[in-house]
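Coordinates in review
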Amino acid sequence: HLLDIGESDLSSGEAALMGKGSQPAGGFSGGFSAISPALTRITNRYYEPFGVRELAADCSLSETQFRRLFRQAMGCPPLQYLHQVRLRMARALLSSTRMPVSQIAGEVGFVTLSSFNRQFQDSFGLSPSQWRREQLQQRQNAAGSSPSAL
C-alpha cells in the first residue's frame, strides 16, 4: 500500500507483534497471541473495510471472546484500535504528501470524509487541514532557525 509503517508509527502492541519491543498493555501475552491474527490484519490492511466479525474469525474466536481478549490485551475495543491505526497513518500521509485530505481519508479506510474529519479532530484537537498547516509551519520554523541564532 502507499504507506510503509515505520517503527515510530507503531504502538507498543503493534511493535511487540512485529518483534520490536516489549509485551503489550498489562503483559497479557496469552490474549495477545490469541488476537495476533487480528493485529496482523489491522497493521497490514488497515485501509480495507472489515469489522469485528472478520477480526474474530481470523482468530477463530466468537465475537464476544474476541472483544474481551482484545480489550484485555490492547486496552481498548478493536474498532477503536483500528481507528487509531488509521488516524496515525493519515497523520503520516498529511505530513509527508500533498494528497488532498479527502483522498487521504479514503486511502486509510474511512468511508466518509465527515467521519474522518470528526475522528481526527477528536483525537488530535485539530482538523486534518489545520494539523497539516501546523506541521508545515513547524518545519518552516525549524528550517529557518540556525544554531548560531540560538
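In this report, the structure presented in the accompanying data block is examined. All chains use their own residue numbering, which begins from 1 and follows the written sequence. Predicted model: local features are reported for residues with pLDDT of at least 70 only, side-chain atom pairs are reported and counted for 80 or more only, and whole-chain, interface and lining totals are derived from all residues. Side-chain measures here rest on the full set of heavy atoms in the structure, leaving out hydrogens and waters.

Re the packing of aromatic side chains
Convention followed: Between rings of Phe, Tyr and Trp, where Trp is taken as its six-membered ring, a pair exists when centres lie within 6.5 Å; planes separated by under 30 degrees are stacked, by over 60 edge-to-face, and by other angles tilted. Runs of E in the DSSP output that reach at least two residues are strands. Runs of H or I that reach at least four are helices, and both are numbered from the N terminus. The classification of residues rests on relative accessible area computed with a 1.4 Å probe and restricted to protein chains. Under 20% of the type maximum is buried, over 50% is exposed, and intermediate values are partly exposed.
Per the stated rule, a full pass over the model turns up 7 aromatic pairs. With a centroid separation of 5.5 Å and 50° between ring planes, the pair formed by F66 and F70 is classed as tilted. Here the residue F66 and the residue F70 both occupy positions in helix α4 (residues 63-74), the gap between them amounting to 4 residues, near one helical turn. Across this residue pair, the class does not change: F66 and F70 are buried.

Topic: the environment of L136
Take L136: it is sitting in helix α8 (residues 128-144). L136 gets classed as partly exposed once you look at its relative accessible area, which sits at 42%. Along the chain, L136 and S95 lie 41 residues apart, while their C-alpha atoms are 7.6 Å from each other.

Looking at the pattern of salt bridges
Opposite charge on two side chains lets them pair, provided their charged atoms get close. Put simply, the test is: One side-chain nitrogen of Lys or Arg within 4 Å of one carboxyl oxygen of Asp or Glu is enough to make a salt bridge.
If you walk through the whole model with that rule in mind, you get 4 salt bridges. Across the pair E48 and R45 runs a salt bridge, and its minimum N-O distance is 2.8 Å. When the shortest N-O distance is used, the salt bridge between R53 and E63 registers 3.6 Å. Here R53 is found in helix α3 (residues 52-58), whereas its partner E63 is found in helix α4, with 10 residues between them in sequence. Salt bridges sharing common partners tie together R53, E63 and R67.

Focus on the packing of helix α5 (residues 78-96) against α8
Here is the rule we go by: Note on definitions: angles span 0 to 180 degrees between N-to-C directions of axes, and those axes are lines fitted to C-alpha atoms, for helices only across the stretch in contact. Working rule for angles: under 35 degrees goes down as roughly parallel, over 145 as roughly antiparallel, 65 to 115 as roughly perpendicular, anything else as oblique. Here is the rule for handedness: rotate from the far helix to the near one, and if that takes an anticlockwise turn smaller than a right angle the crossing is left-handed, while a clockwise turn gives right-handed. Contact between two residues is taken to exist if any of their heavy atoms lie within 4.5 Å; hydrogens are not considered. Residues are sorted three ways: Asp, Glu, Lys and Arg are charged, Ala, Val, Leu, Ile, Met, Phe, Trp, Tyr, Cys and Pro are nonpolar, and all the rest, Gly among them, are polar.
Put simply, α5 and α8 touch, their axes get as near as 9 Å, and they point 50° apart. The angle between α5 and α8 falls in the class oblique. Two packed elements cross with a definite hand, and for α5 against α8 that hand is right-handed. Between α5 and α8, the residues in contact are R91, L93, L94 and S95 and P128, W131, R132 and R139, respectively. Residue composition of the contact of α5 with α8, grouped by class: 4 nonpolar, 1 polar and 3 charged.

A few points about α8
The test is simple: Given the number of residues in a helix, its expected span is that number minus one, multiplied by 1.5 Å. This arc corresponds to the set of directions leading from the helix axis out to the C-beta atoms.
An ideal rise of 1.5 Å per residue puts 24 Å on 17 residues; α8 measures up with 24 Å between its terminal C-alpha atoms. Turning to α8, its buried residues number three or more, namely P128, W131, R132 and Q135. Buried residues in α8, looked at end-on, bunch into an arc of 100°, giving them a common side. Across α8 from its buried face, at more than 90 degrees, point the exposed residues R133 and G144. Buried residues along α8 sit in contact with α5, α6 (101-107) and α7 (113-124).

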